[in-house]
Amino acid sequence: MKKVIFLLLLTFFTTPSFCQNKTDKLKLQKDRLMLHNVAIYLRNVNQGSIDIDSAMILACKSHNLPYTLANDEGFNDGSDFPGNNLITNNYVRGAEMLLPRLSSINQIKLALQIGSFYLFKTGAKKNDLKNALLYIHKAQKLAEKTHIQKWIFQSQFLLAKYYYQAGNTQLSNKIFTHLVNVARKTKNDKSLAEAIDNQGTYIPDDNPEKAVVLAEAREIYKNIGNKEKEIETLMKIIPVHFWTGKMELAKQELFTSLNLQKKIGFLHTQYTETTISYIELLNNNLRNSLYYALKSVSSMEKTKDYAFADSFYIRLGNIYTSTGYYEDALKFYQKGIEYNQRELNAGTWYKSFFGALRSFMDNSKYGEALKYLETNSKKYPPKNDLDNMILYQLKGRCYEELGRLKEAEASYEKLDFYAKKLKNKEAVKDVATCSSIMALFYLKINKPQKAKEITDRILSITTPKTEGFNPQLLELSLFKIDSINGNYLSAIDHMKNYNRIQDSIDDIAKHRDYENLKFKFETSAKIQNIKSLKQQTNLQKSQLQSSRLLNTISVSSLFLLLIIIILLYNRAKIKQRNTSRLQVKEKEIKLKNIKLERLVEEKEWLLKEIHHRVKNNLQTVISLLNSQSSYLKDDLAISTIKNSQNRIYAMSLIHQRLYREDNVSMIDMPEYCNELVEYLKESFNAEYIHFEVKIDPIELDISQAIAIGLIINEVITNSIKYAFKDTKNCRISLTLTEISEDFYRLHISDNGIGIQDIESLQNSESFGMTLINGLSNTLEGDLSITNENGVSFQLTFKKDFR
């Protein structure tokens, strides 16, 4: 009975922040498409340094959407089901308590949602995976009882995802394969596409089989007219082709995706456009690269989606660096850094920073580059191994060019340390490139053995198809190493490879120079054309004005009087009309102001009336409990009712204060706490106890104030009842303080007899301790209980936990 009452109270005082039953299903599909599109982009632009779940969290934060939306597509179509809002508000405990009271279908949906919550929880631990499996099995058993194929499928899909997250990829793939085979027999295209899509999604990006599997799902989505899922599946295929070296195919698929996005009215096309720009830059198609980079910035501005603006400005900076406009490039890199400091950190901050550094270095300004590097790296230290590796490579290169070889070697040693830690396929090209530069340095300072170790490691991780890696420096290092060791035939082969790559680079450079000259010429020609057109326009305007002036002079003498009369008449009419309009507008504005004032008054009155009625209802409950206790003889029952009365009074006091005050949403905690303590003191005839109450001038909203009031009631009631053996020198201390800009601290202590087993108290299943723990979790607080000359409760919680 206690748990039911607690659940009802939690349900009453929990306000959902996101209600899916109000979400249009079409908008829901586009929201999910956007989340997957952004997450895939962030995963690739960070070169695998963040996983897809972390990327999805960033995508959800940037667009203010709940993280559950990313993983509940199979069982959440936008229609409301009980408990979903509790999961959305991260109050999973309330959803767990609600679960047994629902119908079978709603139980399945909520069990799947709870399982998904634990499975894809940020920084999930073993206990989270254990809880996920528990609720997946619950959903599976309920689904089997209903014999409904959809729910059987959804529970098994989530089970397969669980085994993948738990590291058992073999069992995960076995379940996915089984579901695909079952779906083929049902001849239901939607179920089959979903099964194949799930199977393909959980195949690694470096496995070409993933693209084959997802291509089948995409074709089915296309046939059944689900454009959003067709685009989403295509966006999963593109990274496979990109990272397996099929760059041209990836580009064509990006164009296909972009056209599909425009057809369905999907506005956030900037993530696709900037990726096209990147591939065009790799292929030295500078004009196309610039075109799509500018398109991505335009799309970003139209949608006002500035969360990852830094990555789009990086692209523009890279293009201008490639064309030799180092000063312009530096401006775009600094603009990217500026946006990153204001918006979400998507992991691309250091790309802007590195781009700015390379602009200095490409312009042979190594001293300025080193100063810029040291200043910013101290202020904003790198947060992952990839950024650390590239930072020390650039630092070592600056020292090397400035002739500070000992400091350069120290930087390259740190580079080597971080390079050995990077194992993901997306970072291979950067590891190989940085290591090649490091190998040449060790040859320069006469350490060929160290250079040989590095080149062997590069050869072990790279292939001829390693995307983005230029083996020119590696071939030069191998040539020098073989020459030193007397392997002249091998050295000759490496020199041939080096010359072949150099010739190719020279051809690219010539092509790029041609493109740059052509770009500059076309720009210059356009400027000249614009100037010429402006001159012609100005000349025509001058001639036209002269002609008009002559015509005016010739006819003005004939119609001067008529014009004056017409102007005066028109002026009078316009003035009269404007005056009438202003009067009407003034009346309308006054009427609207009166209505708005009445609405505000009615709203405040209504809120006060609600708080008054809630207070009266709670007082009625207290009176009913008081009447009931007069018929009871059992001391435990009477004590229980007394405790319930105190808890209800703590809540009633909140509504009483809101009814009396002008501010109907915030509680003045010093007055509230003092009044609550006086009530408890009087209720238990505790005049022999000295209460020390120190409350900072703090105001809390109703949700936090109720939780704090109930905790104070529970702890002080327990101290009054159990802490003191006699009535001498009894003291209870209550403080509520602001300890920082983001946190408050509640501290309650007594000088009573204390409790020997604190751990048993914390793990107690009593209603009081369960209530304290539950409310502490609701406040996202950190609760500690100590036994120092009495019992001390301390709760640190956030100012705004919503």
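What you see is a predicted model, and the numbers here were worked out from it, not measured in a lab.

Participant: Even after reading the chapter, I still don't get a nonpolar patch on the surface, so can you show me in this structure?
Facilitator: Taken together, the side chains of Val555, Leu558, Phe559, Leu562, Ile563, Ile566 and Leu567 define a hydrophobic patch exposed on the protein surface, amounting to about 660 Å² of accessible area. Along the chain, Leu562 falls in helix H25 (residues 488–629). You can call Leu562 partly exposed: its relative accessible area is 46%.

Participant: I keep staring at unusual backbone geometry and nothing clicks. Help me out?
Facilitator: In this structure, Ser364 is a non-glycine residue whose phi angle is positive, near 60 degrees. Topologically, Ser364 is positioned in the loop between helix H18 (349–362) and helix H19 (366–379). One non-glycine residue, Asn729, adopts positive backbone phi at about 50 degrees. Relative to the assigned elements, Asn729 resides in the loop between helix H28 (702–722) and strand S4 (730–738).

Participant: Would you mind showing me how to read the packing of helix H8 (residues 149–165) against helix H10 (residues 189–201) here?
Facilitator: Any two packed helices are characterised by how steeply their axes cross, that is the angle between the axes, and by the distance between the axes. Here H8 crosses H10 at 5 degrees, and the two axes come no closer than 11 Å. It follows from the interaxial angle that H8 and H10 lie roughly parallel. Here H8 contributes Gln154, Phe157 and Lys161 to the contact with H10, which in turn contributes Glu194, Ala195 and Asn198. Split by residue class, the contact of H8 with H10 holds 2 nonpolar, 2 polar and 2 charged.

Participant: What is the right way to look at helix H22 (residues 428–444) in this model?
Facilitator: In an α-helix, one full turn covers 3.6 residues, which means residues spaced three or four apart are oriented alike. Between its terminal C-alpha atoms H22 stretches 24 Å, which fits the 24 Å expected from 17 residues at 1.5 Å a residue. Counting buried positions over the 17 residues of H22 gives 15, a clear majority of the element. Just beyond H22, the residue with positive phi is Asn446, at close to 65 degrees.

Participant: Would you mind showing me how to read the sheet that holds S4 here?
Facilitator: Hydrogen bonds along the backbone pair up the strands of a sheet, which may run parallel or antiparallel. Within the open sheet, the 5 strands sit side by side as S2-S4-S5-S7-S6. Their pairing is mixed. Each of the sheet's edge strands pairs with one partner strand only, and the pair in question is strand S2 (689–695) and strand S6 (782–787). Each adjacent strand pair in this sheet contributes to an overall mean axis angle of 10 degrees, direction not counted. In this structure, S2 lies alongside S4, joined through 7 bridges in parallel fashion. Bridge pairing in S4 links Glu692 to Ser733. Helix H27 (residues 669–683) rests against S2 and S4 of the sheet, and its axis sits at about 165 degrees to S2. Strands in contact with H28 are S2, S4, strand S5 (743–750) and strand S7 (791–798); relative to S5, the strand with the most contacts, it is inclined by about 15 degrees.

Participant: What exactly am I supposed to notice about the packing of helix H14 (residues 270–282) against helix H16 (residues 309–322) here?
Facilitator: Viewed as axis vectors pointing N to C, H14 and H16 meet at an angle of 20 degrees, and their least axial separation amounts to 10 Å. Considering the angle they form, H14 stands roughly parallel to H16. As for how H14 packs across H16, the hand of that crossing is left-handed. Within the contact between the two elements, H14 uses Gln270, Tyr271, Thr274, Ser277, Tyr278 and Leu281 and H16 uses Phe312, Arg315, Asn318, Ile319 and Ser322. In terms of residue class, the contact of H14 with H16 is built from 5 nonpolar, 5 polar and 1 charged.

Participant: Where do I start with the pairing of S4 in this structure?
Facilitator: Residues in a regular strand point their side chains to alternate faces of the sheet. Note: S4 against S5, 7 bridges, orientation antiparallel. In the sheet register, Ile732 faces S5, and the bridge partner there is Asp750. In textbook terms, the turn of a hairpin is the stretch between consecutive antiparallel strands, and for S4 and S5 this stretch comprises 4 residues.

Participant: Sorry if this is basic, but what is going on with the packing of aromatic side chains here?
Facilitator: Two measures describe an aromatic ring pair: the distance that separates the ring centres and the angle between the ring planes. Taken as a whole and judged by the stated rule, the model has 16 aromatic pairs. Pairing Tyr291 with Tyr292 gives two aromatic rings, centres 4.9 Å apart and planes at 85 degrees, and the pair type is edge-to-face. Tyr292 sits in the buried class, given a relative accessible area of 15%. An aromatic cluster is present here, built from Phe117, Tyr118 and Tyr135 joined pairwise through their rings.

Participant: Hey, could you run me through the confidence of the model for the protein in this one?
Facilitator: Where the model shows low pLDDT, its predicted coordinates should not be examined in detail. In this model, the protein carries a mean pLDDT of 79, and residues with pLDDT of at least 70 account for 80%. Here residues 521–525 is a poorly scored stretch, pLDDT under 50, and it has 1 contact once near neighbours within four places are set aside; other chains count.

Participant: Got a minute to help me understand the environment of His178 in this structure?
Facilitator: Turning to its location among the elements, His178 is positioned in helix H9 (residues 169–186). Spatially, the C-alpha atoms of His178 and Gln199 are 10.0 Å apart, while their sequence positions differ by 21 residues.

Participant: What exactly am I supposed to notice about helix H12 (residues 227–243) here?
Facilitator: With 17 residues, H12 extends 25 Å from end C-alpha to end C-alpha; this agrees with the ideal 24 Å at 1.5 Å per step. The buried count for H12 comes to 16 of 17 residues, which makes it a mostly enclosed element.

Participant: I'm lost on the environment of Asp205 in this one. Help?
Facilitator: With respect to the secondary-structure elements, Asp205 resides in the loop between H10 and helix H11 (209–224). Relative accessible area serves as the criterion here: at 14%, Asp205 is assigned to the buried category. Sequence separation between Asp205 and Val240 is 35 residues; the distance between their C-alpha atoms is 4.9 Å. If we ignore the near neighbours within four places in the chain, the residues touching Asp205 are Lys210, Pro239, Val240, Thr244 and Lys425. Polar side-chain contacts of Asp205 include one of 2.7 Å to the side chain of Lys210.

Participant: Explain the side chain of Glu228 here, please?
Facilitator: Turning to its location among the elements, Glu228 is positioned in helix H12. Residue classification places Glu228 among the buried positions, given a relative accessible area of 9%. There is a polar contact of 3.4 Å between the side chain of Glu228 and the side chain of Lys30.

Participant: Is there a simple way to think about the pairing of S7 in this case?
Facilitator: Where burial is concerned, most of S7 is hidden: 6 out of the 8 residues are buried. Pairing of S5 with S7 involves 7 bridges; the strand directions are antiparallel. Residue pairing across strands places Phe743 opposite Lys798, the latter belonging to S7. As paired strands, S6 and S7 are joined by 6 bridges and run antiparallel to one another. Of the residues in S7, the one forming a bridge with Leu783 is Leu795.

About the cut-offs
- Residues numbered from 1 in each chain as written.
- Predicted model: local features only at pLDDT ≥ 70, side-chain atom pairs only at ≥ 80, totals over all residues.
- Heavy atoms only, no water.
- Patch = residues over 30% accessible without salt bridge, like charges linked within 9 Å, V, L, I, M, F, W, Y side chains within 5 Å.
- Areas by Shrake-Rupley, 256 points an atom, 1.4 Å probe, with all protein chains shown as cover.
- Salt bridge = Lys/Arg side-chain N within 4 Å of Asp/Glu carboxyl O.
- Helix = DSSP H or I, 4+ residues; strand = E, 2+ residues; numbered from the N terminus.
- Buried < 20%, exposed > 50% of the residue type's maximum accessible area, 1.4 Å probe, protein only.
- Axes fitted to C-alpha atoms, helices over the stretch in contact; angles between N-to-C directions.
- Parallel < 35°, antiparallel > 145°, perpendicular 65-115°, else oblique.
- Contact = heavy atoms within 4.5 Å.
- Nonpolar A, V, L, I, M, F, W, Y, C, P; charged D, E, K, R; others polar.
- Expected span 1.5 Å × (residues − 1).
- Pairing = 2+ DSSP bridges.
- Left-handed = near helix turned anticlockwise from the far one by under 90°.
- Phe/Tyr/Trp six-rings, centres within 6.5 Å; stacked < 30°, edge-to-face > 60°.
- pLDDT = per-residue confidence, 0-100.
- Polar contact = N/O pair within 3.5 Å; in protein donor to acceptor, adjacent residues only side chain to side chain.

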